[in-house]
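# Geometric and topological summary
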Amino acid sequence: MKSATTVTVNPAARLKNRTSFGQTVRNSLTMAYRGLLKIRRTPEQLFDVTLQPIIFTLMFTYIFGGAISGDVISYLPVIIPGILVQTVITTSIVTGVQLREDMDKGVFDRFKSLPIARIAPLAGALLADTIRYTIATVLTFSMGYIMGYRPDGGLGHVAIAAVLVIFCSWAISWIFAFFGVIARTASSVQGISMIVLFPLTFLSNAFVPADTMPNWLQWFVSINPISHLVTAVRDLANSGTVGWDMGISLIGAAVIVAIFAPITVRAYMRRT
Amino acid sequence: MNGWHQKEKAAQGGQWAVEASGLVKMFGSNRAVDGVSLNVRAGSIYGVLGPNGAGKTTTIRMLATLLRPDAGSARIFGHDVTKESQVVRQLIGVTGQYASVDESLSATENLVIFSRLLGLGRAESRRKAEELLEEFGLTEAAKRPLKNFSGGMRRRLDLAASLIAQPPLIFLDEPTTGLDPRTRAQMWETIRRLVKTGSTVLLTTQYLDEADQLADRIAVIDRGTVVAEGTVDELKASVGTSSLHLRVQEPLHIERARRIVERVLGVQSSVTSEAGKITAPMADADRVTDLLIELREGGVRLSEMSVQKPTLDEVFLTITGRDASQDAGASGGQQKEEVV
């Protein structure tokens, strides 16, 4: 206030009531930057994404390996894509939980009072969390490699598989973001999300081949989108092929975002 | 009246910073705000005064586009808060009752992010952040995480964040609640400087002396409605030109002293419960001589006596028929709902 400039409304200044697409992207990226700063300030938030891939990969491989595939090495091409999808998608629950915690803080009032795109605080938070999915993905593949997994598809296809899983998890995190916005407390977000996700990840082909399951269960496994994602990752990593499953996964992800992004933003706007 | 305002506004290019009429907000069946109308002239400090749960925060939240009014309308520099909310957001800065800054980040990071969101470039944001931290005496603490900030530092940072875009209208929701007297005085100084640069400030407070100190005009809100509006002097004048304060040595003599006061001055007196202080409005300070003689003759010994300009506490008491401080305790439950 040392400056003597007078603050008044400049009638010549163009004040628009709409935010442009460019501004929406810029606002979201700034909010994502905020998310990254927060992760840097509180690295303990990353415990789950670092420990879960290591522990789960070790545990499931050695428990199921012998029984399902005869030995651990021949089970790895089955379990690594499965555990990857399961771990990364479970990680996306945290996005919803943290969003709820974040929204309870006063800073969200300021975001709402700023002339920014309404979707930016949500989109930014979800975008920043892709860093978590990336960490989980890299660690799961690394654990597999240490245990002797050598994907035949080659590094390039493994990378494509990684991007696919990260993208699909980002899409699914919109569901948990929606729970995060409508729920009262962070722990209830965790609760609802686990109830949804637990059957989805286990009633799939992620850990065991579906052949031995009863018919009705096989039917569910075959329509479960998680199964398609797991199959798409197996195709890419183990044989370097792109199948119809990848198409289904991408379409599914797009549909989730198309439905949940707008209703999440609307719920966020209504909740004050 | 309304049409006249419109015409005047058109002629002078919008001299009203805030025009609100009949704002209503319901929380369940509770009418938190029940038909509030306010007009705030550009370039002034406007105080909204009321006890906890009176509807101050809810009113501000509606004006700042954070809550949608259930009825009524409000315009900020002529722009409707519901229809042109994104325009309104470009004209306002909001400092909430609870610091609306990011706890997990440092002061600089907070200001840089808000600057970036407001469309400033990377280098420009850094410069703006430094400038504001300097101005608010936070440079030394710039890199520390906010968790270690005192309440006063947090409020200052919060206010700094509201000033990034130099908004012509600034909402301050209880800017000094919970601050120690020294920090409070600093905050007042900052707010006064703000208005010198041409900004309009709308602040809420439950401290009567704060409104007295800062505001050009005051609206007294009680139970969701405006019960009085005017300049500080107008409000004070409505309770009389001066007021008498008496304290007696013997608590037993309070009633006798009151009778004498009421007989000599010909007015109603009141007693504050906690301190046993008798207060009464006084039209003519000269009458105090007669009163003192009467009291001596009546055998009432005084421990304290003063004649003052009426405080806003008395204004509040006269308008609402209740003590502002008593009411704050009684409606504690209501306040919770307001904050949600």
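None of these values were measured; they are calculated from a predicted model. (Residues numbered from 1 in each chain as written. Chains lettered and ligands numbered in written order. Predicted model: local features only at pLDDT ≥ 70, side-chain atom pairs only at ≥ 80, totals over all residues.)

Here we take up the overall build of chain A. The number of helices and strands found in chain A is 11 helices and zero strands. When its helices and strands are written in sequence order, chain A yields α-α-α-α-α-α-α-α-α-α-α. Overall, the C-alpha framework of chain A stretches about 80 × 40 × 35 Å when taken along its three principal axes. Residue pairs at least 24 apart in sequence account for 79% of intrachain contacts in chain A once pairs closer than 6 positions are excluded. (Helix = DSSP H or I, 4+ residues; strand = E, 2+ residues; numbered from the N terminus. Contact = placed C-beta atoms within 7 Å.)

This brings us to the overall build of chain B. Per the secondary structure count, chain B includes 14 helices and 14 strands. Split into buried and exposed, the 340 residues of chain B put 44% on the buried side. Look at the contacts in chain B between residues 6 or more apart in sequence, and 69% of them connect residues 24 or more apart. (Buried ≥ 20, exposed ≤ 12 C-beta atoms within 10 Å, placed from the backbone.)

To continue, consider the sheet that holds strand β10 (residues 225–231) of chain B. Residue and element names in this part refer to chain B. With mixed pairing, the six strands of this open sheet are ordered in space as β6-β7-β8-β3-β9-β10. Of all strands in the sheet, those with a lone pairing partner are β6 (92–95) and β10, marking the two edges. Averaged over all pairs of adjacent strands, the angle between strand axes in this sheet comes to 15°, irrespective of strand direction. Of the strand pairs in this sheet, strand β9 (residues 217–222) and β10 are connected by six bridges, and their pairing is antiparallel. Bridge pairing in β10 places I221 opposite V226. Sitting on the sheet, helix α2 (residues 56–63) touches β3 (45–49), β7 (169–173), β8 (200–205) and β9, and the angle it makes with β7 is about 155°. (Pairing = 2+ DSSP bridges. Axes fitted to C-alpha atoms, helices over the stretch in contact; angles between N-to-C directions.)

All names here are of chain A. Relative to each other, helix α7 (residues 154–182) and helix α10 (residues 225–239) sit at 165°, their axes nearing to 8 Å. Between α7 and α10, the angle is such that the two are roughly antiparallel. For the element pair α7 and α10, the recorded crossing hand is right-handed. Taken together, the residues of α10 that come into contact with α7 (itself represented by H157, V158, I160, A161, L164, V165 and C168) are L229, A232, V233, L236 and A237. (Parallel < 35°, antiparallel > 145°, perpendicular 65-115°, else oblique. Left-handed = near helix turned anticlockwise from the far one by under 90°.)

Size of an interface: often given as the accessible area lost when the parts come together. Here chain B is described as being made up of domain 1 (2–236) and domain 2 (241–309). Placing a centre on the C-alpha atoms of domain 1 of chain B and another on those of domain 2 of chain B gives a separation of 41 Å. (Domains from an automatic or database assignment.)

Now for the nonpolar core. In terms of nonpolar packing, the biggest core is built from 85 residues, with V85, V165 and V233 of chain A together with L111 and A160 of chain B touching the most fellow members. Among the elements that line this core, the one with the most residues is α7 of chain A, at 17 residues. Residues contacting V85 of chain A, with those up to four places away along its chain left out, are V165, A206, I226, L229, V230 and V233 of chain A. V36, I45, I76 and L202 of chain B belong to the second-largest nonpolar core, a separate cluster that totals 54 residues. (Core = buried A, V, L, I, M, F, W, Y, C linked by C-beta atoms within 7 Å.)

On to the interface of chain A and chain B, then. If you look at the interface, chain A gives 29 residues, while chain B gives 39 residues. Broken down by secondary-structure element, the contributors of at least two residues to the side of chain A that touches chain B are α1 (21–41) and α4 (107–113) of chain A. Of the residues that constitute the side of chain A that touches chain B, the class distribution is 10 nonpolar, 11 polar and eight charged. (Nonpolar A, V, L, I, M, F, W, Y, C, P; charged D, E, K, R; others polar.)

Residues and elements named next belong to chain A. The end-to-end C-alpha distance of α10, which contains 15 residues, comes to 21 Å, matching closely the 21 Å that a straight helix rising 1.5 Å per residue would cover. Most of α10 sits out of view: 13 of its 15 residues are buried. Immediately beyond the C-terminal end of α10, within one or two residues, lies G240, with a positive phi of roughly 70°. (Expected span 1.5 Å × (residues − 1).)

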